[in-house]
Amino acid sequence: MRTIDSVFLQAEEDCKPQFALFENTEEQLTRKMLEAFKDFQIAQRHFAPSNGYGYDDIGRDTLEALFAHIFKAEEAIVRPQITSGTHALSLCLFGLTKPGDHILSITGKPYDTLMTVIEGAAGDLKSQGVDFSFVPLKDNEIDLAALKENIRPNTSLIMLQRSRGYDWRKAFNVKELEEAIRKVKKIKPDAKTFVDNCYGEFTELSEPVSAGADVIAGSLIKNPGGGIAPTGGYIAGTKECIEKIASRLTAPGIGRETGSYEASYRPFYQGLFMAPHTVCQALKTACLASRAGELLGLKVSPGYNEKRSDIIQALQFNDPDRLIAFCQGIQYFSPIDSFVTPVPWEMPGYSDNVIMAAGSFVLGASIELSCDAPIRPPYTAYLQGALSYAHGKTALKGSFLRMREKGML
Ligand SMILES: *Cc1c(COP(=O)(O)O)cnc(C)c1O
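Analysis parameters
Residues numbered from 1 in each chain as written. Predicted model: local features only at pLDDT ≥ 70, side-chain atom pairs only at ≥ 80, totals over all residues. Heavy atoms only, no water. Axes fitted to C-alpha atoms, helices over the stretch in contact; angles between N-to-C directions. Helix = DSSP H or I, 4+ residues; strand = E, 2+ residues; numbered from the N terminus. Left-handed = near helix turned anticlockwise from the far one by under 90°. Contact = heavy atoms within 4.5 Å. Pairing = 2+ DSSP bridges. Near = heavy atom within 4 Å. Polar contact = N/O pair within 3.5 Å; in protein donor to acceptor, adjacent residues only side chain to side chain. Areas by Shrake-Rupley, 256 points an atom, 1.4 Å probe, with all protein chains shown as cover. Nonpolar A, V, L, I, M, F, W, Y, C, P; charged D, E, K, R; others polar. Buried < 20%, exposed > 50% of the residue type's maximum accessible area, 1.4 Å probe, protein only.

Undergrad: Help me understand the packing of helix α1 (residues 4-39) against helix α10 (residues 389-405) in this model?
TA: Each pair of packed helices can be described by the angle between their axes along with the distance between the axes. Axis separation between α1 and α10 bottoms out at 11 Å; the angle between their running directions is 145°. In the crossing of α1 with α10, the sense of the turn from one axis to the other is right-handed. Side by side, α1 and α10 meet where I4, D5, F8, E12 and F19 of the first sit next to Y389, K393, L396, K397, F400, L401 and R404 of the second.

What follows is the structure in structure tokens.
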């Protein structure tokens, strides 16, 4: 039997060409960041806190302009008051629909928490008279041929999810999103297109706005917060759409004019600047996990040398005890709460028990090394993040080693 050490030596060697690609993306994106920070003349004054209504909050307004510029959007909303990715996405769904409208997801069933926004809780979209349906993926691809028959006269919003989320499918890259969006616009030019961009930011040189998406949204405790932003979400897109969504964010007539933050905005600026680097660390960790897992006999998705458009790595353990042991190992090698042993538990919105390993500085931040798994066959762990590749590698190696010692690998 091969030692874990020798598996990791080979895995790291095999991943080198991929690492070079990730690092090249990081370098190009960092250059873009520098140019943007220069263009906007970002200075200490932009970090200053505000209070009360937050009128003329220069830190907030400039941060939003900077995000819009980076994502090649006309406008953006970037707020610490957006509490999560789900909150950001929900604002878009409510802001861009009215009673009688229909929302169509063309990348299969949306992420779990969004299904509840659509139907399943007080004030959900259904109760507001908004209809929803989705087009299932066909052989794990967007079913372009089925778009026409699924788009209705009242379809006002077409939704796409870039990341695999917690499904055994690939992430859709910006080029694939572009093809689908072009097709949608041909069939129904007045429908808006909206991309759930969670986990996808800065994994590629361009973002879905450049692919024609009217709006994108995501979480600041994932990729674009760089592991530094303490909370928040962002939305970027056309002026028309952002105005509608801003009415939902605060109130019609007030929009983006209010919203104060009596702490420094520095972590949001610094996080954005660091994001290409942090995402690169996460991609390297995911790639290593894929190759090492494969060499140890696991089924993996994506393969180490496949193109990536999100930071998630799926690993199939085919056994609940092995899956749980792996997640517990990731927690054991976390900087925070290393002494805690996670166990599968009932989670709101999930049908199976879920185990979550998350020993992060920012509570729930999944740009930090973390691992989640619903306890159901084929017992798949979804691993993502890592503030540094060295941590990612150490935790993976340590976790697999602990499994080997227990005779599980
Ligand atoms: C994380 C995620 C969400 C939800 O974000 P939260 O911050 O967990 O609410 C939605 N969609 C996708 C694809 C995600 O990865």
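Next comes the rest of the account.
Undergrad: How do you make sense of the sheet that holds strand β2 (residues 102-105) when you look at a structure like this?
TA: Remark on secondary structure: sheet strands pair via backbone hydrogen bonds, oriented parallel or antiparallel. Pairing within the open sheet is mixed, and its 7 strands lie in the order β1-β7-β6-β5-β4-β2-β3. Of all strands in the sheet, those with a lone pairing partner are β1 (75-79) and β3 (131-134), marking the two edges. Going across the sheet, the axis of each strand differs from the next one's by a mean of 20°, ignoring polarity. Direction of pairing for strand β5 (residues 192-196) relative to strand β6 (residues 215-219): parallel, over a ladder of 3 bridges. Opposite V195, over in β6, you have I216 as the bridge partner. The sheet strands contacting helix α3 (residues 85-95) are β2, β4 (155-161), β5, β6 and β7 (233-237), and the helix crosses β6 at an angle near 155°. Packing against the sheet, helix α6 (residues 174-187) makes contact with β4 and β5, and its axis sits at approximately 155° to β5.

Undergrad: Hey, could you run me through the site of the ligand in this one?
TA: The local shell around the ligand consists of S84, G85, T86, L89, Y111, Q161, D196, C198, Y199 and K222. Interatomic distance of 2.5 Å between a side-chain N/O atom of T86 and an oxygen atom of the ligand. Separating an oxygen atom of the ligand from a side-chain N or O atom of K222 is a distance of 2.9 Å. When the free accessible area of the ligand is taken as 380 Å², the share hidden by the protein chains comes to 87%. For the shell around the ligand, the element with the most residues is α3, which contributes 3 residues. Taken together, the residues of the shell around the ligand sort by class into 4 nonpolar, 4 polar and 2 charged.

Undergrad: When you look at the pairing of strand β9 (residues 313-316) in this model, what are you seeing that I'm missing?
TA: A regular strand places its side chains so that they alternate between the two faces of the sheet. Alternating residues of β9 divide into Q313 and L315 and A314 and Q316, and every residue in both groups is buried. Across 3 bridges, the pairing between strand β8 (residues 299-301) and β9 is antiparallel. Counted as the bridge partner of K299 is Q316 from β9. Pairing between β9 and strand β12 (residues 380-384): 4 bridges, direction antiparallel. By the bridge assignment for β12, Q313 is matched with L383.

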